[in-house]
Amino acid sequence: ESAPGYDGHKMAKLLAKAGIETTVITDSAVFAMMSVVNKVIIGAHAVLANGGLVARSGAHMVAAAAQFHSVPFVCVTGLYKLCPLYGFDQDTFNDFKYPGEILKFEEKFAEKVNVQNPGHDYIPPQLVSLFVTNFGGNSPSYIYRL
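Quick look at the structure, then.

**Comments concerning the overall build of the protein chain**
In terms of regular secondary structure, the protein chain is built from three helices and seven strands. Secondary structure elements of the protein chain, listed N to C terminal, follow the sequence α-α-β-β-β-α-β-β-β-β. Overall size of the protein chain, expressed as C-alpha extent along the three principal axes, is 55 × 40 × 25 Å. Total accessible area computed for the protein chain in this model is approximately 9200 Å², and 59% of it derives from carbon and sulfur atoms.

Structural data, given as structure tokens:
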């Protein structure tokens, strides 16, 4: 689903047009549905030197569910996204998007609600099974050598 932008809906439409069978689930149903998944393939905003990655918000939950259910978590990315920096926590490289995407400020109670809309998640290297780049597949522990 990929709320609040619903990019998952857009991707499902593109895949369906290409004749690929697609299932869309809500973001909150990731753990419930992961047991029937063969593998997770994800892109990255950046791949860090320690083998961790920065991806769209919600990706950390998907990675944790994949590890819990022993599902391979594969990141497909180009070498131009490799970054020499190290990530340590969720806030290291995060940016926050406009809170109005989640809660419209015209609502009467909006001034009493603190809305957080993070744009990215940091996924530590122990949750990543494999990186596939334009030079082949590498484990997270090998990324710093590229």
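**Regarding the nonpolar core**
Residues M34, V40, L53, F73, I123 and F131 are the most contacted members of the largest nonpolar core, which totals 21 residues. Residue assignment for this core shows that the elements contributing at least two residues are β1 (40–42), β3 (53–56), α3 (59–68) and β4 (73–76). The biggest single contributor to this core is α3, with five residues. Excluding its chain neighbours within four sequence positions, the residues that come into contact with I123 are G52, L53, A55, A59, H60, A63, F73 and V128.

**A short note on α3**
Turning to α3, its buried residues are A59, V62, A63, A65 and A66. When α3 is viewed along its axis, its buried side chains cluster within an angular range of 165° and face the same direction. With its phi angle positive at about 55°, S70 sits one or two positions after the end of α3.

**A word on the sheet that holds strand β5 (residues 120–123)**
As summarised here, the arrangement of the three strands in space is β2-β3-β5, forming an open sheet in which the pairing is antiparallel. Two strands bound the open sheet, and with one partner strand each, they are β2 (46–47) and β5. Pairing of β3 with β5 involves four bridges; the strand directions are antiparallel. Following the sheet pairing, L53 is matched in β5 by I123. Running over the sheet, α3 touches β3 and β5 and is turned about 35° from β5.

**Remarks on the side chain of T133**
For T133, the position within the fold is in strand β6 (residues 130–133). Exposure remark for T133: the relative accessible area of 10% places this residue in the buried category. Excluding its chain neighbours within four sequence positions, the residues that come into contact with T133 are T77, L79 and N138.

**Things to note about a nonpolar patch on the surface**
Taken together, the side chains of F31, M61 and F68 present a nonpolar region at the surface, about 320 Å² in accessible area. Following the sequence through the fold, M61 ends up in helix α3.

**Let's talk about the pairing of β4**
Here three bridges tie β1 to β4, and the two strands are oriented parallel to one another. In the sheet register, I42 faces β4, and the bridge partner there is C75. Where β4 lies against β6, three bridges are found, and the strand directions are parallel. Directly across from C75, in β6, lies its bridge partner F131.

About the thresholds
Residues numbered from 1 in each chain as written. Predicted model: local features only at pLDDT ≥ 70, side-chain atom pairs only at ≥ 80, totals over all residues. Heavy atoms only, no water. Helix = DSSP H or I, 4+ residues; strand = E, 2+ residues; numbered from the N terminus. Areas by Shrake-Rupley, 256 points an atom, 1.4 Å probe, with all protein chains shown as cover. Core = buried A, V, L, I, M, F, W, Y, C linked by side-chain atoms within 4.5 Å. Buried < 20%, exposed > 50% of the residue type's maximum accessible area, 1.4 Å probe, protein only. Contact = heavy atoms within 4.5 Å. Arc of directions from axis to C-beta. Pairing = 2+ DSSP bridges. Axes fitted to C-alpha atoms, helices over the stretch in contact; angles between N-to-C directions. Patch = residues over 30% accessible without salt bridge, like charges linked within 9 Å, V, L, I, M, F, W, Y side chains within 5 Å. Salt bridge = Lys/Arg side-chain N within 4 Å of Asp/Glu carboxyl O.

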